[in-house]
Amino acid sequence: MLSISKKKYFLSLVFILFGAFSIRAQDKKENSTNTGNTKSEIKEYINHHVLDSYDFDLLSYTKADESKVYVGVPLPIILWDGGLVIFSSSNFNHGESLAQFGEKYYKLYHGKIYKTDSSGKISYDIKQHVLNKAPLDFSITKGVVSIIFVSIIMFVLFRNLANSYKKNGMIANGLGRFFEPIVLYVRDEIAIPNIGIKYYKRYMSYLLTLFFFIWFCNMIGLTPLGINVTGNIAVTFCLALLTFIITNVTGKKEYWKHIFWAPGVPLPMKFLLAPIELLGVLIKPFSLMIRLYANISAGHIVMMTLISMIFIFRNWVGSSMSFMLAFFISIIEILVALLQAYIFTILSALYFGFAVEEQDH
Amino acid sequence: MEIPAIVGGGLIVIGVGIGVGGIGRGAMEAIGRQPEAYGKIQTAMLIGIAFVEGIGFAAMFVL
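Residues numbered from 1 in each chain as written. Chains lettered and ligands numbered in written order. Predicted model: local features only at pLDDT ≥ 70, side-chain atom pairs only at ≥ 80, totals over all residues. Heavy atoms only, no water.

1. Structural notes on the overall build of chain B
Then comes step 1: What chain B contains, in helices and strands, is 2 helices and 0 strands.
Then comes step 2: Relative to the globule expectation of 11 Å for 63 residues, the C-alpha radius of gyration of chain B, 15 Å, shows a markedly less compact shape.
Then comes step 3: Considered along the principal axes of its C-alpha atoms, chain B spans approximately 55 × 15 × 10 Å.
Then comes step 4: Accessible surface, chain B: about 4300 Å² in total, of which carbon and sulfur atoms supply 72%. (Helix = DSSP H or I, 4+ residues; strand = E, 2+ residues; numbered from the N terminus. Rg over C-alpha atoms; globule rule 2.2 N^0.38 Å. Areas by Shrake-Rupley, 256 points an atom, 1.4 Å probe, with all protein chains shown as cover.)

2. A few points about the packing of helix α4 (residues 142-168) of chain A against helix α5 (residues 176-195) of chain A
The description of two packed helices rests on the angle between their axes and on the distance between the axes.
All names here are of chain A.
Then comes step 1: At a minimum axis distance of 10 Å, the contact between α4 and α5 shows a crossing angle of 95°. If you check the angle between α4 and α5, you find them roughly perpendicular. From α4, Leu 157, Phe 158, Leu 161 and Tyr 165 reach across to α5, where they touch Gly 176, Phe 179, Glu 180 and Val 183.
Then comes step 2: Classifying every residue of the contact of α4 with α5 by side-chain character gives 6 nonpolar, 1 polar and 1 charged. (Axes fitted to C-alpha atoms, helices over the stretch in contact; angles between N-to-C directions. Parallel < 35°, antiparallel > 145°, perpendicular 65-115°, else oblique. Contact = heavy atoms within 4.5 Å. Nonpolar A, V, L, I, M, F, W, Y, C, P; charged D, E, K, R; others polar.)

3. Re the pattern of salt bridges
Residue and element names in this part refer to chain A.
Then comes step 1: Here the structure, examined in full by the defined rule, presents 1 salt bridge over all chains.
Then comes step 2: Here Asp 188 ties to Arg 187 by a salt bridge, and the two come within 2.9 Å at their closest N and O atoms.
Then comes step 3: The class of Asp 188 is partly exposed, set by a relative accessible area of 34%.
Then comes step 4: Classification of Arg 187 as partly exposed rests on a relative accessible area of 32%. (Salt bridge = Lys/Arg side-chain N within 4 Å of Asp/Glu carboxyl O. Buried < 20%, exposed > 50% of the residue type's maximum accessible area, 1.4 Å probe, protein only.)

4. Here's the deal with the packing of aromatic side chains
Residues and elements named next belong to chain A.
Then comes step 1: The final tally for this structure, using the stated rule, is 19 aromatic pairs over all chains.
Then comes step 2: Centre to centre, the rings of Tyr 185 and Tyr 342 are 6.2 Å apart; their planes meet at 45°, and the pair counts as tilted. Here Tyr 185 is found in helix α5, whereas its partner Tyr 342 is found in helix α10 (residues 316-356), with 157 residues between them in sequence.
Then comes step 3: Judged by centre distance (6.3 Å) and plane angle (45°), the ring pair of Phe 212 and Trp 215 falls under tilted. Taken together, the residues Phe 212 and Trp 215, both in helix α6 (residues 201-221) and 3 residues apart, mark about one turn of the helix.
Then comes step 4: Joined through ring pairs, the aromatic side chains of Phe 158, Phe 178, Phe 179, Phe 211, Phe 212, Trp 215 and Phe 216 make up one cluster. (Phe/Tyr/Trp six-rings, centres within 6.5 Å; stacked < 30°, edge-to-face > 60°.)

5. Examining the sheet that holds strand β8 (residues 136-137) of chain A
Residues and elements named next belong to chain A.
Then comes step 1: Strand order in the open sheet formed by 3 strands is β4-β3-β8, and the pairing between neighbours is antiparallel. The open sheet has two free edges, formed respectively by β4 (84-88) and β8, since each of these has just one partner strand.
Then comes step 2: Sheet analysis places strand β3 (residues 76-80) next to β4, joined by 5 bridges and oriented antiparallel. When the sheet's bridge partners are listed, Trp 80 is paired in β4 with Leu 84. (Pairing = 2+ DSSP bridges.)

6. Concerning the side chain of Ser146(A)
Residues and elements named next belong to chain A.
Then comes step 1: The topology assignment puts Ser 146 in helix α4.
Then comes step 2: Residue Ser 146 is classed as buried on the basis of its relative accessible area of 2%.
Then comes step 3: Of note is the side chain of Ser 146, whose polar atom sits 2.6 Å from the backbone oxygen of Lys 142.
Then comes step 4: Beyond its immediate chain neighbours, meaning those up to four positions away, Ser 146 contacts Ile 220, Ile 227 and Val 229. (Polar contact = N/O pair within 3.5 Å; in protein donor to acceptor, adjacent residues only side chain to side chain.)

Without other data, these values stay purely geometric and don't point to any function.
Quick look at the structure:
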């Protein structure tokens, strides 16, 4: 028995990948129930990480007596249900107990808050959709906390940067030395070439905010805090909506003319192009939204999966391999964090450029 | 016989891989021809890659 496993280890050193899989198969045979359990647990864990939550949990573990312990901070829950309802998310006990507020009862079910009676019954229709009413949810969730955190960091950082110019006579100091070239890059490489020297100034504040907000949010997504802000479609939707509004509000005559009455094409084509162009107005911010959301979510899922593989392999070959892969992907993700911020900003600048473009006939 | 969804995942990866590879090759050839336009070509390349990648991710989320 020992010699077989030794042989296998030798083989796995030669064909690392092949070997790792074969050992995994052997492991599965020994305790198949345990592996299946681990797999579903990992799936749940990754899902839990990617979604927003009502508690700021740093870690959780199971005690010897099968009770789960969570280490983290509960966050306030703010609901509108015929009146303002505020209570701490610790009342939910991670979905294990009902929260009571006056005469009303609420239950956390699959990451959503539903109104229930005092017994906490959740009723379904035929397709397993929950029939219980969901109150309007304005809770300070994990994502909201991180957005507030990033906003405060950005405000303090860039106020200091701006003030340091006043004090030192146009020379940045401290962290400003690091951020000044990036600000200049956004101006000289993103805003001016795409929008044009004439109009770029009025978009600069938005573009800078967008760039640094997305970058910082992506970066705190890579910390062990496990926050997934820009991988939340609601956040990217709002960012894309802002770009959409700014593009169309500041759009000049030429921009609208291009959409409804494309110049330089035969008359029947003009009627054909108008609906397509109009659709394009909506597709542009939609693709912005999907791109950022999908890239960051996929990055998080890949990273979590690679880290979780350690617990599936449970031997030193597979584990060290998945560790190295996870490390590699983490470095790639740092690049992606910057790249996605850059792409969102440059595409926004491109759309603003279309909006203020002037034809030189 | 039903084709498993993961086959679609493989097709997505093949398609996106060919797309990104083509963009990278085009950009490298362009840089080789005109090394002084490196910055501009790189920007255009990144935007192109972002579009292809976006389609790939969108398909992956439908999966």
